[in-house]
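What the coordinates show
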Amino acid sequence: MDDSITNPVDASAGLKAATAESMPEANPQTQIYNEDSSTTKAEKVVRGQAINGNGGDARDIDSEAPPFKRLKLDDRDAPAVNGSKERIKGIAPIKQEYLIDLSSASHQDHDDDAAEASGKRDERGVAGRGARGGKGGKKQSSGQNHSRQFGSSRDAISLCKSRDHQNEFDASECQYGEKCKFEHDIRKYLKDGKREDLTTLSGMCPVWNATGKCPAGWRCRFAGSHSEEVELEDGRKELKLRNEQHSSAATNADGDEEEQSVGVVNMVSIGHRIELRKKKFQTPKADAYLAWLNDTDGSEVKQKRASTDDTTENGDSHGNRARYKEPPLRPSEKRRIYYGPETPILAPLTTQGNMPFRRLCVGLGAQVTWSEMAMSLPLLQGEKGEWALLKAHESETRPPKYTPKSIVTGYDNGKDLTFGAQIAGNKPWLTLKTTEAITELCPSIRAIDLNCGCPIDLVYQQGAGSALLDAPAKLEKILRGMNTVSKDVPITVKIRMGTKDRHATALKLCQRLVLGGPEAQSPAGVAAITLHGRSRQQRYTRTADWEYIAECAALVAKLKTSSADAMDTVREVDGRDLSSSINSNGLPYFIGNGDILTHEDYDRAVTYEGVDSAMIARGALIKPWIFEEIASKQYIDKSATERLAYVEQFARNGLEYWGSDEIGVGITRRFLLEWLSFSCRYVPIGLLEHLPPRIGDRPPAFRGRSELETLLSSGNYKDWIKI
């Protein structure tokens, strides 16, 4: 076959197709860089690609696994700069001697799907889901996780509550008598109905140690520490509780037991919750304000007409004296609060902002704490679980640290508190009634915060949380109403940059909250504004935008001058409508939030970003002693033993609050495991090559300085069980 091709330039010279033999060796393209950049390396690790060109790196294993299960690349091959390794973005710079080479380690892959379906029989046949078979025509099991074995936090045999605090031979006082379906034999219950006593915490009941009595009685998982077997004169042996009061729980008219927790404040009685549930709880201030708010036909004109009519009928205006009502407190007349560099704030944390964890953080130096976000509607419906979020420990009723550079006028630190309540609502009537109910039923509240930053879809779709950022007029109306009905309790607000990326609206919103919108022509009266440097769409990904936070802080500071310039204009601000903050000109405090992990982050926010204080969220979950670091202005390298002591303290706090019975132990274990899922992300300071650590950095495989430190840094729940 002739491979010649006609030459269009010179027909006499034929052309042939090129072959491998006829082509000279091509010069390879020169590499622009000696190796990939650190960022590219990190991206390749996430994508599971090769690192050094030809062939994959030995450490790059499990490339088919999900991204969160792939091994992170350590930077041992990075070029040295002044004897130290270059820091790779997104990877914790751990020292070489603590890194673990997993290239030769044997890995056992755990199939989560197989584990979930272990022991599951597929008897559905070809009919698939919902098939029926057999003579009885029984429906076959369909769906997922039908064979999962869940543990139970209840006793196999339940002891009658009338016997909880009685000795073995005491006469039974059960109102149901022989018809009672619960066990009355204490010895049988201890043998067959209850699990064996726990040996942790030295086998001593933390509730009994703290208060001298245990509300769980025989149901306590540490019952052996406060009970004994006594031999009687007739030779019989009786089980008795030591120094136990026989009636530690009060019973109300409906037969429900009232809670009696020592050291807990803001406890709402079941009677008040029933009133809320039946809509019998009165909120007169909220009702009056909502009636005025809904009156769009000129309420001032109607009031003048009514006043004129009364004067005409009575001949004078003295008849109006009988209708005098105490006016609500204006924002400037409320209890004054203080924020400064010495008051680091523990943010409201969903699920993890429980009272035992807040109590731990207060002991480590947290000056201001907030409850978990409570939804307004369940609070008005009297739900027990929602009102439990507003409970606080007595340590949270102490005043925060107060060491200002100059004496502040009008502030009484002795009347200030540590604990505040955060709520979320989507309508004015809902938030106003909830605010009035909280101020009536919870006396130990520093302030009430309106959440306008929650990114959860369920909250956002209902028009609450971050959805209020797109309705500034509605938000301002809600805050003004809350200020009217909250007595002397100040009102604060927590916002985000906006709902969408690259479309920040917080700057205009801050100006509206400080000076007031065009509808009201007066300040909204909030005592503090907290800005989270992320958008709702961003949720908790990427880093917080502290440049934007600083821009908003500068605006608030600039408004001091503008408000002073406006004093001679028609729009003169009524001093009673200014907030109860002790800033100059009554302007609200401005607080930043986002990615605070070290004392350097906190100091940079307060010193250079212009905020009055900073709120700490995940940084406190990762290392609760961040408040100690802020107070001492230095890194604190906690040993594994000290970190284990914090875990033990949380367990004690949880058992004291939730109870030491089977249910209380299960709840404490649940919240402890959730906290350990954050605290295991902490990398000890002594293991790091570079400072400061960053909240977004993830460490490669490493070992601690001791076996306990290695277990505390593990993300495997089996290692937490060993702890």
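Given the structure is predicted, the values throughout are model-derived calculations rather than measurements. (Residues numbered from 1 in each chain as written. Predicted model: local features only at pLDDT ≥ 70, side-chain atom pairs only at ≥ 80, totals over all residues. Heavy atoms only, no water.)

Some thoughts on the side chain of serine 444
With respect to the element layout, serine 444 can be found in the loop between helix H11 (428-441) and strand E15 (448-452). Among the residues examined, serine 444 registers a relative accessible area of 17% and is labelled buried. Those residues within four positions of serine 444 in sequence are excluded, and the remaining contacts are Val265, Asn266, Thr397, Leu417 and Phe419. (Helix = DSSP H or I, 4+ residues; strand = E, 2+ residues; numbered from the N terminus. Buried < 20%, exposed > 50% of the residue type's maximum accessible area, 1.4 Å probe, protein only. Contact = heavy atoms within 4.5 Å.)

Looking at the nonpolar core
Membership of the largest hydrophobic core comes to 99 residues, with the highest contact counts inside it found for Trp387, Ile495 and Phe590. Looking at which element gives the most residues to this core, the answer is helix H15 (residues 546-565), with eight residues. Residues in contact with isoleucine 495, not counting those within four places in the same chain, are Cys452, Leu469, Ala506, Leu509, Cys510, Ile529, Thr530, Leu531 and His532. By size, the runner-up hydrophobic cluster in this structure holds 14 residues, among which are Ile345, Val368, Ala447 and Ala527. (Core = buried A, V, L, I, M, F, W, Y, C linked by side-chain atoms within 4.5 Å.)

What to know about the pattern of salt bridges
Summed over the entire model, instances satisfying the criterion amount to 31 salt bridges. For glutamate 662, the salt bridge goes to arginine 221, with nearest N and O atoms at 2.9 Å. With glutamate 662 in helix H20 (residues 662-679) and arginine 221 in the loop between helix H4 (206-211) and strand E7 (227-231), this pair connects stretches of sequence that are 441 residues apart. We note that glutamate 662, like arginine 221, is buried. (Salt bridge = Lys/Arg side-chain N within 4 Å of Asp/Glu carboxyl O.)

A look at the confidence of the model for the protein chain
On average, residues of the protein chain score 77 in pLDDT, and 69% of them are at 70 or above. Contacts for the low-pLDDT stretch residues 104-138, under 50 throughout, to residues beyond four places or in other chains number 30 contacts. In this model residues 297-324 is a low-confidence stretch, pLDDT under 50, and it forms ten contacts with partners more than four residues away in sequence or in other chains. (pLDDT = per-residue confidence, 0-100.)

With respect to empty space enclosed by the protein
The final tally for this structure, using the stated rule, is eight cavities of 30 Å³ or more. Surrounding the largest cavity, 15 residues form its lining, Leu597, Arg681, Val683, Pro693 and Arg694 being those nearest its centre. Split into classes, the residues belonging to the lining of the largest cavity amount to nine nonpolar, no polar and six charged. (1 Å grid on protein atoms, 1.4 Å probe; cavity = no way out; pocket = protein on both sides within 12 Å on 5 of 7 lines; lining within 4 Å. Points joined across faces, edges and corners; volume = space filled by probe spheres on them. Nonpolar A, V, L, I, M, F, W, Y, C, P; charged D, E, K, R; others polar.)

Here we look at the packing of aromatic side chains
Following the criterion strictly, the structure yields eleven aromatic pairs and no others. Note on tyrosine 402 and tyrosine 411: the rings are 4.8 Å apart at their centroids and 65 degrees apart in plane angle, and the pair reads as edge-to-face. Looking at tyrosine 411, the relative accessible area reads 10%, which means it is buried. A cation over a ring is seen here: arginine 536 above tyrosine 460, with NZ or CZ 3.9 Å from the ring centre. In this structure, arginine 670 packs its charged tip against the face of phenylalanine 671, placed 4.6 Å from the ring centre. (Phe/Tyr/Trp six-rings, centres within 6.5 Å; stacked < 30°, edge-to-face > 60°. Lys NZ or Arg CZ within 6 Å of the ring centre and 35° of its normal.)

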